[in-house]
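Take a look at the letters that make up each chain.
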Amino acid sequence: EDAMQFPLLGSASLFSLYLAFKFFDRNVVNMIISVYFGLVGCAALTVTFSPILGAMLPKVFTTKRLQKEIKINHPLPQSIGGESPWDFSIDASLADVLAFIASVAFSVVYLKSKHWALNNVLGIAFCLQGIERFSLGTYKIGAILLVGLFFYDIFWVFGTDVMVTVAKNLDGPIKILFPRSLVPNAETGKIELSLLGLGDIVIPGFFLALLLRFDAHNANLPYFPTDCHASFPKPYFHSALVAYVAGLATTLFVMIQFNAAQPALLYLVPACLGSSLLCAAVRGELKELFAYSEEEEEEEEIQADTKKDAAAKKA
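Here we summarise the structure given alongside this text. In this text, all values refer to a predicted model and were calculated from it rather than measured experimentally. (Residues numbered from 1 in each chain as written. Predicted model: local features only at pLDDT ≥ 70, side-chain atom pairs only at ≥ 80, totals over all residues. Heavy atoms only, no water.)

## Things to note about the overall build of the protein chain
- Along the protein chain, the regular secondary structure elements total 13 helices and six strands.
- Taken over the C-alpha atoms alone, the protein chain extends approximately 70 × 55 × 45 Å along its principal axes.
- Contacts in the protein chain between residues at least 24 apart in sequence constitute 70% of all its contacts with a sequence separation of at least 6.
- Accessible surface, the protein chain: about 19300 Å² in total, of which carbon and sulfur atoms supply 66%.
- In the protein chain, the 23 positive side-chain charges and the 29 negative ones have mean positions that sit 7 Å from each other. (Helix = DSSP H or I, 4+ residues; strand = E, 2+ residues; numbered from the N terminus. Contact = heavy atoms within 4.5 Å. Areas by Shrake-Rupley, 256 points an atom, 1.4 Å probe, with all protein chains shown as cover. Lys, Arg positive; Asp, Glu negative; His and termini not counted. Charge placed at Lys NZ, Arg CZ, Asp CG, Glu CD.)

## Some details on the environment of Leu 268
- As for its position among the elements, Leu 268 is in helix H11 (residues 265-283).
- Judged by its relative accessible area of 1%, Leu 268 is buried.
- The sequence separation of Leu 268 and Val 254 amounts to 14 residues, and the corresponding C-alpha distance is 13 Å.
- Leu 268 has contacts with Asp 200, Pro 204, Tyr 244, Gly 247 and Leu 248, leaving out every residue within four places of it along the chain. (Buried < 20%, exposed > 50% of the residue type's maximum accessible area, 1.4 Å probe, protein only.)

## Description of the side chain of Ser 34
- Mapped onto the elements, Ser 34 comes out in helix H2 (residues 26-56).
- Contact partners of Ser 34, with chain neighbours within four places excluded, come to Leu 111, Lys 114 and Asp 171.

## A look at the packing of helix H9 (residues 199-218) against helix H10 (residues 235-258)
- Two elements in contact, H9 and H10, have axes whose closest approach is 7 Å; the angle formed by their N-to-C orientations is 160 degrees. Considering the angle they form, H9 stands roughly antiparallel to H10. Along the contact surface, H9 presents Asp 200, Ile 201, Pro 204, Leu 208, Leu 211, Leu 212, Phe 214, Asp 215 and Asn 218, while H10 presents Pro 235, Tyr 236, Phe 237, Ala 240, Leu 241 and Tyr 244.
- Here the residues of the contact of H9 with H10 are counted per class, giving 12 nonpolar, one polar and two charged. (Axes fitted to C-alpha atoms, helices over the stretch in contact; angles between N-to-C directions. Parallel < 35°, antiparallel > 145°, perpendicular 65-115°, else oblique. Nonpolar A, V, L, I, M, F, W, Y, C, P; charged D, E, K, R; others polar.)

## A short note on the pairing of strand S6 (residues 193-197)
- Where burial is concerned, the two faces of S6 differ: the one with Ser 194 and Leu 196 is buried and the one with Leu 193, Leu 195 and Gly 197 is not.
- Two strands pair when backbone bridges link them, and strand S5 (residues 175-179) and S6 are joined in this way by five bridges, in the antiparallel orientation. Following the sheet pairing, Lys 175 is matched in S6 by Gly 197. (Pairing = 2+ DSSP bridges.)

## Quick notes on the packing of helix H7 (residues 139-159) against H9
- Where H7 contacts H9, the axes come no closer than 10 Å and their chain directions differ by 160 degrees. One way to sum up the angle between H7 and H9 is to call them roughly antiparallel. The handedness of the crossing between H7 and H9 comes out as left-handed. Contacts from Tyr 139, Gly 142, Ala 143, Leu 146, Leu 149 and Asp 153 in H7 reach Asp 200, Ile 203, Phe 207, Leu 210 and Leu 211 in H9. (Left-handed = near helix turned anticlockwise from the far one by under 90°.)

## A short note on unusual backbone geometry
- With an omega of 5 degrees, the peptide bond running from Ser 84 to Pro 85 counts as cis.
- A positive phi is found at Lys 114, a non-glycine position, where the angle reads about 55 degrees.
- Within the secondary structure, Lys 114 is located in the loop between helix H5 (94-113) and helix H6 (116-133).
- Residue Asn 220 is not a glycine yet carries a positive backbone phi of 60 degrees.
- Relative to the assigned elements, Asn 220 resides in the loop between H9 and H10.

Put into structure tokens, the structure is as follows:
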């Protein structure tokens, strides 16, 4: 049900941004959005780069932790303010602190310069964190979501000017930018850029991550604890990844050939769905693919976390 509603919610958000640019000053709207993305970008960059710093720096940067319990009671109803007290407790390693400081500096430089390369770093961080933290649950849900967004993308790009207007006017890291040429335009003095919306990366990314976990499930790898360095056959993931790259290349080719905006999901959805179904048909695993569910694995992880917390409290 949530997968079927997602295109409707996305349409409402997209149209709201379109109305904001149409009836309000573009600079004011972009300033508000920039502040929001600056704050969220700090969090995304911190979580992305903290593990990298932890692996590069001495062990003390991960073992030494800064802890502070901060809880604030509030009089608001639970439906508005959530449970009381609000928990703002801090539990961070030295690597987290260094990553946060660097992320703040990076976000400030981005907000001042709005350089396309810095925009892409933030966009990639958003993509990584989104794919890492979101699970489709089942193949059926993923297929429903992709099909719904397939028609969503076609309608808003070909049927109206809404998608293109928002993409061109919104000055924030919701897209990956590609320079068409390193030589600035003679009239504007700026480098001409092509763009790819983050949704065209994240949505297929959710689906490819699901297929990767299905490959791990077929290889009988334990869901918890997870070994991210484990080696196992990945036929579904690799076939879908190759198909995604081919679909993306087709999108760029058509866009350049006809010099017109293209709904990337028009090419990416058939590529991802078709490749996974073809792979399952060749391997004789269509039934297993459609029956695959991650709910059992999530329950196992919750139980393992509960046991771990209980053991820590006893210690």
